[in-house]
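# Structural features, examined
Single-letter residue listing:
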Amino acid sequence: MNAGPRSTGSGIALALFAVAALAVGAGAQQQIDLHKWHLSADPGLAAPGDSPELQAARERAVLHALEVEAKYADLQLAYEEKRLAQRAATFAWQQRSTELIFCLVVLIVLSGLGLSFWHVYRKESAPTRLTIGGKGVEVSSRLVGVLVFVLSLVFFYLYVKTVYPIAEVAPAAPTAAATSTHPGPS
């Protein structure tokens, strides 16, 4: 009983996909003995009543399908390599910028602390003075040093609580579209 060209074609596609997945999954570039593969993978491919031309056409179709699957796998691998390289470059840039921002924050906090201590402990003990004029507002008091000190500590506290913490983000689960493979010819 002959299953017909439609079911044989889907059987060929299924067999091709299985062999391509095994060949690509193993990662080895190896030659496949087509005749042995035909007989072991799908006995319907080597039907006794088929003409040599039909068998040769089937072999060409199988080879073409294997080539297409191999090209698709190579393209997919190249895409994944580029995606991972981009991700690594992004993490490297984030590391450098985080270190730069940390140094800047430490510099700002130390400057604020130094300014506040200088203002509070300077030799001349100026009385509290508030001057409002055409040139702007001028406040002179030890209270300004204390205010700068408090603002420096608040700035550092906010940086440590909101910016500095590092939380590892779990990788996203692969979606159905990412895990599906190229179905190949049918």
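These lines cover the structure that appears in this document, whether it is placed above or below. Numbering of residues starts from 1 in each chain and follows the order in which that chain's sequence is written. Given that the model is predicted, a residue must reach a pLDDT of at least 70 before its local features are reported, and side-chain atom pairs must reach 80 or more before they are shown or counted; all residues, however, enter totals for whole chains, interfaces and linings. Heavy atoms from the whole structure form the basis of all side-chain values; hydrogens and water molecules are not counted.

### Regarding the overall build of the chain
Applicable threshold: By definition, any uninterrupted DSSP run of H or I lasting at least four residues is a helix, any uninterrupted run of E lasting at least two residues is a strand, and each is numbered from the N terminus. Residue exposure (1.4 Å probe, protein chains only): buried if accessible area is under 20% of the type maximum, exposed if over 50%, otherwise partly exposed. Whether two residues are in contact is decided by their heavy atoms, any of which lying within 4.5 Å being enough. Method for areas: the Shrake-Rupley scheme with a 1.4 Å probe, in which residue coverage is limited to the protein chains shown.
Helix and strand counts for the chain come out as 5 helices and 2 strands. The secondary structure elements of the chain, listed N-terminal to C-terminal, are α-α-α-β-β-α-α. Out of the 186 residues in the chain, the part that is buried amounts to 18%. Taking the contacts inside the chain whose residues are at least 6 apart along the sequence as the reference set, 64% of them involve residues at least 24 apart. Of the accessible surface of the chain, which amounts to about 14,500 Å², a share of 67% is contributed by carbon and sulfur atoms.

### Side note on helix H4 (residues 142–163)
Inclusion rule: Helices are assigned an expected span. That span is 1.5 Å times one less than the residue count.
Here H4 spans 31 Å end to end across 22 residues, near enough to the 32 Å set by a 1.5 Å rise per residue. Summarising the contacts, the buried residues of H4 are in contact with helix H3 (52–120).

### Overview of the pairing of strand E1 (residues 129–133)
Under the convention used in this document: Here the rule is simple: two strands pair whenever DSSP picks up at least two bridges between them.
Bridge count between E1 and strand E2 (residues 136–140): 5 bridges; the pairing is antiparallel. Within E2, the residue paired with Arg129 across the bridge is Ser140. Linkage of E1 to E2, two consecutive antiparallel strands, is achieved through a turn of 2 residues.

### Quick notes on the packing of H3 against H4
The cut-off we apply is this: An axis is simply a line fitted to the C-alpha atoms; with a helix, the fit covers only the stretch in contact. Between two such axes, the angle follows the N-to-C directions and lies from 0 to 180 degrees. Each angle receives one of four descriptions, namely roughly parallel if under 35 degrees, roughly antiparallel if over 145, roughly perpendicular if within 65 to 115, and oblique otherwise. Crossing handedness follows the turn of the near helix against the far one: under a right angle anticlockwise gives a left-handed crossing, and clockwise gives a right-handed one. Under this grouping Gly is polar, as are all residues other than the nonpolar Ala, Val, Leu, Ile, Met, Phe, Trp, Tyr, Cys and Pro and the charged Asp, Glu, Lys and Arg.
Closest axis-to-axis distance for the H3/H4 pair is 7 Å, and the angle between their directions is 160°. Taken together, the axis directions place H3 and H4 in an arrangement best described as roughly antiparallel. For H3 against H4, the interelement crossing comes out left-handed. Class assignment for the residues of the contact of H3 with H4 results in 17 nonpolar, 6 polar and 1 charged.

### Concerning the packing of aromatic side chains
To keep it simple, the criterion reads: Centres within 6.5 Å make a pair out of two Phe, Tyr or Trp rings, where for Trp the six-membered ring is used; the pair is then stacked when the planes are under 30 degrees apart, edge-to-face when over 60, and tilted otherwise.
According to the stated counting rule, one finds 2 aromatic pairs in the structure shown. Centroid distance Phe102 to Tyr159: 6.5 Å. Interplanar angle 40°. Geometry classified as tilted. In this pair, Phe102 is assigned in helix H3 and Tyr159 in helix H4, connecting sequence segments 57 residues apart. Judged by its relative accessible area of 36%, Phe102 is partly exposed. Relative to Phe149, the ring of Phe117 has its centre 5.7 Å away and its plane inclined at 55°; by these criteria the two rings are tilted. Linking Phe117 in helix H3 with Phe149 in helix H4, this pair joins segments that are 32 residues apart in sequence.

### Quick look at the side chain of Ser152
Here Ser152 is to be found in helix H4. For Ser152, a relative accessible area of 7% puts it in the buried group. Those residues in contact with Ser152 that sit more than four places away from it in its chain are Val109, Gly112 and Leu113.

### Examining the side chain of Ser116
As a reminder of what qualifies: Here a polar contact is taken to be a pair of N or O atoms separated by no more than 3.5 Å, where protein atoms must pair a possible hydrogen donor with a possible acceptor and residues adjacent in sequence count only if both atoms sit in side chains.
Mapped onto the elements, Ser116 comes out in helix H3. Engagement of the side chain of Ser116 in a polar contact is seen with the backbone oxygen of Leu113, the distance being 2.8 Å.

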